[in-house]
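If you want the building blocks of each chain, they are given just below.
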Number of protein chains: 2
Amino acid sequence: MSDNKCILVTGGAGYIGSHTVVELVNAGYDPVVIDNCANAVRASENGRPGSIKRIEKIVDKKIIYYDIDLLNKAALDDLFAKHSFIAVIHFAGLKAVGESIEIPIEYYKVNICGTLNLIECMKKYQVSNLVFSSSATVYGTPQYLPIDENHTVGSCTNPYGKSKYFIEEILRDVGKAEKDWNIILLRYFNPVGSHKSGLIGEDPQGTPNNLMPYVAQVAIGRRSQLSIFGGDYDTPDGTGVRDYIHVVDLALGHIAALKKVSTKCGLKVYNLGTGKGYSVLDMVRGMEKASGKKIPYKIVDRRDGDVGSCYAEVTLAQTELGWKSDRNLEEMCEDLWRWQTKNPKGFQTDNSS
Amino acid sequence: MSDNKCILVTGGAGYIGSHTVVELVNAGYDPVVIDNCANAVRASENGRPGSIKRIEKIVDKKIIYYDIDLLNKAALDDLFAKHSFIAVIHFAGLKAVGESIEIPIEYYKVNICGTLNLIECMKKYQVSNLVFSSSATVYGTPQYLPIDENHTVGSCTNPYGKSKYFIEEILRDVGKAEKDWNIILLRYFNPVGSHKSGLIGEDPQGTPNNLMPYVAQVAIGRRSQLSIFGGDYDTPDGTGVRDYIHVVDLALGHIAALKKVSTKCGLKVYNLGTGKGYSVLDMVRGMEKASGKKIPYKIVDRRDGDVGSCYAEVTLAQTELGWKSDRNLEEMCEDLWRWQTKNPKGFQTDNSS
């Protein structure tokens, strides 16, 4: 068993998942990916998502992939019977804040009941190491900055954020009841950028929910103008300040967490951010520089629920995981731009040449 | 459709559920009960729980009953296809605080995913009126007394209480997304007592988790002594003070809530309590009087998580539901004692004569 390196990656065909799968292979792990591509149009051959084929190109290795919905308990049980996992990295879930307000039942069902099915299988098959994709959204409105892991949680107001908070609480209770489990809750700040190869990246369907994919689509001419929500925040330039983190740094944070759970750490919580705040206009300028294009924007009203500034205290992850972010704003923008220009239609772009 | 009086009652074979089914029939409704009797040993003939047969004796009417687990979505869907419900009263769930700490996955699965299955079916079959069994436990440690419905919620620490809180939050989000839904969250204080007939009552399996069934078992000689957890609280006699409410009053609160949801009330929250606090020793003396037996007790250490006093502000239910509790401590004790003496083995007692 000591040379078993088999890791289950739920949602491993998604944006953060796919980058993590690459780093898992780089670190000598054997990832098994499940994904039902609920968040993406399938750009696939033989039922394999486009991102998986691209990962295989990057790592020059076949990736084990199954089209499994976490709500399909029987399929999940079969998977656990077939593979002997040493740990699970759990990315799968619905993730659009606005949509979660429209269809809360689906969000709670997929995110919470999907997670419960997963941990039921883990318990049955004695897989006791789990790394969970949580989010800085669990902090709600920051009471102080930078936000550390002891900041109060649970005041978020949309079903997406609440589902992350509820899962955190459920996992805390599981950690108390199952003494041999090791669980790391990773609270992501704002992942941006793409793998250096330009082969994988964020591929939002329809109008992007997040700033940077939208900015990139304006830069490439797919959208005419960026709307910036709020120009009168108490920030250096009045626009909202966030902690953007390069997705490859974020992926490497998962490798560090995976090493940590193997040391029998119990339940731990870590912010994954850079600790630096950049404004919307900082990011726009970064993308203008990376792309060489002018990015038209207009300042519009603030959005309900948005805050002026949010960025992470990152010393805990540095101390306990030995991990910190390395990639700066320039690299985030350059890598995003490379992905955008090589794949104007995302994974549907024919890149087989 | 105007004469449709068909109400789905989940968990309708349980303690509060069975008393509510009686009052539903009394009020002219047609209850359809589902229950998988997860909280009870089945004392049943032909797969029908003992409590259902007893309800039929009380109301002199056949009760429609199905053995359905809320986690069995297909069975639930069939049920909704077969019956045309005007509203749902949702009692079903796991309910033992201590057990919830031991097996949190089961508690979250049954309580949350069961509820999500139910509301998915309600949405599919356009049943938009729901009365949900919540609990005063969602308030956590009281910040002031009496506790009103605006008291902060969510600080409870055990999976049972958290599952109630999470379901409340989920239902709030569903209420926002589904504009035509009417949802009432009923926060129960401490239900005790039994139906006047002595035919139905609380039938705990194993050691009772709640005070009064334990006290009744001491009175009848099934247990030798009561342990009172904490005699040094800041209360008149040092023992914990709670808001005990007669289960028939509680049941009638559900009839009032059912009338309210039919007025298109949106989402509402009501405490169901008496507004009066009684100490453990008050209750012991009440049972001594009702039973004519001496109830031996000893004071032991406080239990983790217990508070000194907790009782409800009840004016909101009085004003908006036109409901208030009528039955006093004496009646609670007398009715409990009647149930206990007529059914020393609960529903397993042969009472067919």
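The structure presented is a predicted model; accordingly, all values stated were derived computationally and were not measured.

Another point: the overall build of chain A. The secondary structure content of chain A amounts to 11 helices and 14 strands. Counting only C-alpha atoms and orienting by the principal axes, one finds that chain A spans roughly 55 × 50 × 40 Å. The buried share among the 353 residues of chain A stands at 57%. Long-range pairs, those at least 24 residues apart, make up 78% of the contacts in chain A between residues at least 6 apart in sequence. Taking the 41 positively charged and 42 negatively charged side chains of chain A as two groups, their mean positions are separated by 3 Å.

Another aspect to go through is the state of the cysteines. According to the stated counting rule, one finds one disulfide over all chains in the structure shown. One disulfide in the model links A:Cys113 with B:Cys113; its S-S distance is 2.4 Å. The sign of the -120° torsion about the S-S bond sets the A:Cys113-B:Cys113 disulfide as left-handed. Here B:Cys113 lies in helix 5 (residues 104–124) and A:Cys113 lies in helix 5 (residues 104–124), a pairing that spans two chains. Judged by relative accessible area, A:Cys113 falls into the buried class, the value being 3%. Not part of a disulfide, A:Cys156 finds its nearest cysteine sulfur in A:Cys310, a span of 12 Å.

The two copies are related by a screw motion: chain B maps onto chain A through a turn of 180° and a shift of 0.0 Å along the axis, at an RMSD of 0.0 Å. The relationship between the two copies is best expressed as a two-fold rotation axis. Taking C-alpha positions as reference, the residue of chain B nearest the rotation axis is B:Cys113, located at 2.9 Å. Same-surface contact between copies: 96% of interface residues of chain B are shared with the interface of chain A.

Okay, the packing of helix 7 (residues 211–219) of chain A against helix 9 (residues 280–291) of chain A next. Residue and element names in this part refer to chain A. Remark: helix 7 packs on helix 9, axes separated minimally by 10 Å, with the N-to-C direction vectors making an angle of 40°. If you check the angle between helix 7 and helix 9, you find them oblique. Where helix 7 crosses over helix 9, the two elements pack in a sense that is right-handed. Together, Leu 211, Met 212, Val 215, Ala 216 and Ala 219 of helix 7 and Val 280, Met 283, Val 284, Met 287 and Ser 291 of helix 9 make up the contact between the two elements. Its residues assigned to classes, the contact of helix 7 with helix 9 comprises nine nonpolar, one polar and no charged.

Another point: the packing of aromatic side chains. Residue and element names in this part refer to chain B. For the structure on display, the rule yields 15 aromatic pairs over all chains. Centre to centre, the rings of Tyr 108 and Phe 166 are 5.9 Å apart; their planes meet at 20°, and the pair counts as stacked. Linking Tyr 108 in helix 5 with Phe 166 in helix 6 (residues 159–177), this pair joins segments that are 58 residues apart in sequence. Of the two residues, Tyr 108 and Phe 166, neither departs from the other in class, the shared state being buried. Their ring planes at 35° and their centres at 6.4 Å tell us that Tyr 139 and Phe 189 sit as a pair that is tilted. In this pair, Tyr 139 sits in the loop between strand 5 (129–135) and helix 6 while Phe 189 sits in the loop between strand 6 (182–188) and strand 7 (190–192), placing the two residues 50 residues apart along the sequence.

A separate point is the side chain of A:Lys260. Residues and elements named next belong to chain A. Relative to the elements of secondary structure, Lys 260 occurs in helix 8 (residues 247–261). An unpaired buried charge is present at Lys 260: no salt bridge exists, and Glu 320, the closest side chain of opposite charge, is 4.4 Å distant. With near-sequence residues (within four places) excluded, Lys 260 lies in contact with Ile 184, Cys 265, Tyr 270, Glu 320 and Leu 321.

What follows concerns the interface of chain B and chain A. Listed by partner, the interface residues are 25 residues for chain B and 24 residues for chain A. Of the roughly 2,200 Å² buried between chain B and chain A, counting both surfaces, carbon and sulfur atoms make up 66%. If you sort the residues of chain B by the area they bury against chain A, B:Ile105, B:Lys109 and B:Asp173 come out on top, with a joint share of 26%. Our enumeration of links across chain B and chain A arrives at six salt bridges. Linking A:Asp173 and B:Lys162 is a salt bridge whose minimum nitrogen-to-oxygen distance equals 3.0 Å. On the surface where chain B and chain A come into contact, there are 10 residue pairs in polar contact (both at pLDDT 80 or more). Counting residues per element, the ones that place at least two in the side of chain B that touches chain A are helix 4 (97–102), helix 5 and helix 6 of chain B. No other element matches the 12 residues that helix 5 of chain B contributes to the side of chain B that touches chain A. In terms of residue class, the side of chain B that touches chain A is built from 14 nonpolar, two polar and nine charged.

What follows deals with the sheet that holds strand 1 (residues 6–10) of chain A. All names here are of chain A. Taking strand neighbours across the sheet as the criterion, the seven strands line up as 3-2-1-4-5-6-11 in an open arrangement whose pairing is parallel. Strands with a single pairing partner mark the edges of an open sheet, and in this sheet they are strand 3 (64–66) and strand 11 (267–272). Across this sheet, the average inter-strand angle for adjacent strands is 20°, counted without regard to direction. The sheet contact formed by strand 1 and strand 4 (residues 87–90) spans four bridges and is parallel. Bridge pairing in strand 4 places Thr 10 opposite His 90. Packing against the sheet, helix 1 (residues 15–26) makes contact with strand 1, strand 2 (30–34), strand 4 and strand 6 (182–188), and its axis sits at approximately 160° to strand 2. Contacts from helix 5 reach strand 1, strand 4 and strand 5 (129–135), with the element oriented near 175° to strand 4.

Residues and elements named next belong to chain A. Read across the open sheet, the three strands follow the order 12-9-14; overall the sheet is mixed. Taken across any chain shown, the strands that pair with only one partner, and hence form the sheet edges, are strand 12 (278–279) and strand 14 (309–310). Bridge count for strand 9 (residues 241–242) against strand 12 is two bridges, and the pairing is antiparallel. Across the sheet, the residue bridging to Val 241 is Ser 279, located in strand 12.

Time to look at the side chain of B:Glu149. Residue and element names in this part refer to chain B. Residue position: Glu 149 is located in the loop between strand 5 and helix 6. In this structure Glu 149 is buried but unpaired, with Arg 187 as the nearest side chain of opposite charge at 6.8 Å. Within the structure, Glu 149 has its side chain in polar contact with the backbone nitrogen of Asn 271 (distance 2.8 Å). Look past the residues within four positions of Glu 149 in its chain and what remains in contact with it is Tyr 139, Arg 187, Val 269, Tyr 270, Asn 271, Glu 313 and Leu 316.

With that out of the way, let us pick up the nonpolar core. Within the largest apolar cluster, 73 residues are counted, with the highest numbers of intra-cluster contacts made by A:Phe80, A:Ile119, B:Phe80 and B:Ile119. Sequence-distant contacts of B:Ile119, that is, excluding residues within four places in its chain, are made with A:Ile105, B:Leu130, B:Ile170, B:Leu171, B:Val174 and B:Trp181. With 63 residues, the next largest nonpolar core counts B:Tyr15, B:Ile63, B:Met212 and B:Leu281 among its residues.

Moving on, we get to the environment of A:Ala216. Residues and elements named next belong to chain A. Mapped onto the elements, Ala 216 comes out in helix 7. Between the C-alpha atoms of Ala 216 and Val 248, which are 32 residues apart in sequence, the distance is 18 Å. Other than its neighbours up to four places away in sequence, Ala 216 contacts Met 287, Leu 336, Trp 337 and Gln 340.

All right, on to the pairing of strand 2 (residues 30–34) of chain B then. Residues and elements named next belong to chain B. Summarising burial for strand 2: four of the five residues are buried, a large majority. As paired elements, strand 1 (residues 6–10) and strand 2 share five bridges and run parallel to each other. Within strand 2, the residue paired with Leu 8 across the bridge is Val 32. Where strand 2 meets strand 3 (residues 64–66), three bridges bridge the pair, whose relative direction is parallel. Each residue of the ladder has a partner; that of Val 32, found in strand 3, is Ile 64.

Parameters at a glance
- Residues numbered from 1 in each chain as written.
- Chains lettered and ligands numbered in written order.
- Predicted model: local features only at pLDDT ≥ 70, side-chain atom pairs only at ≥ 80, totals over all residues.
- Heavy atoms only, no water.
- Helix = DSSP H or I, 4+ residues; strand = E, 2+ residues; numbered from the N terminus.
- Buried < 20%, exposed > 50% of the residue type's maximum accessible area, 1.4 Å probe, protein only.
- Contact = heavy atoms within 4.5 Å.
- Lys, Arg positive; Asp, Glu negative; His and termini not counted.
- Charge placed at Lys NZ, Arg CZ, Asp CG, Glu CD.
- Disulfide = S-S within 2.5 Å.
- Least-squares fit on C-alpha atoms with pLDDT ≥ 70 in both.
- Axes fitted to C-alpha atoms, helices over the stretch in contact; angles between N-to-C directions.
- Parallel < 35°, antiparallel > 145°, perpendicular 65-115°, else oblique.
- Left-handed = near helix turned anticlockwise from the far one by under 90°.
- Nonpolar A, V, L, I, M, F, W, Y, C, P; charged D, E, K, R; others polar.
- Phe/Tyr/Trp six-rings, centres within 6.5 Å; stacked < 30°, edge-to-face > 60°.
- Salt bridge = Lys/Arg side-chain N within 4 Å of Asp/Glu carboxyl O.
- Buried area = accessible area lost by both parts, 1.4 Å probe.
- Polar contact = N/O pair within 3.5 Å; in protein donor to acceptor, adjacent residues only side chain to side chain.
- Pairing = 2+ DSSP bridges.
- Core = buried A, V, L, I, M, F, W, Y, C linked by side-chain atoms within 4.5 Å.

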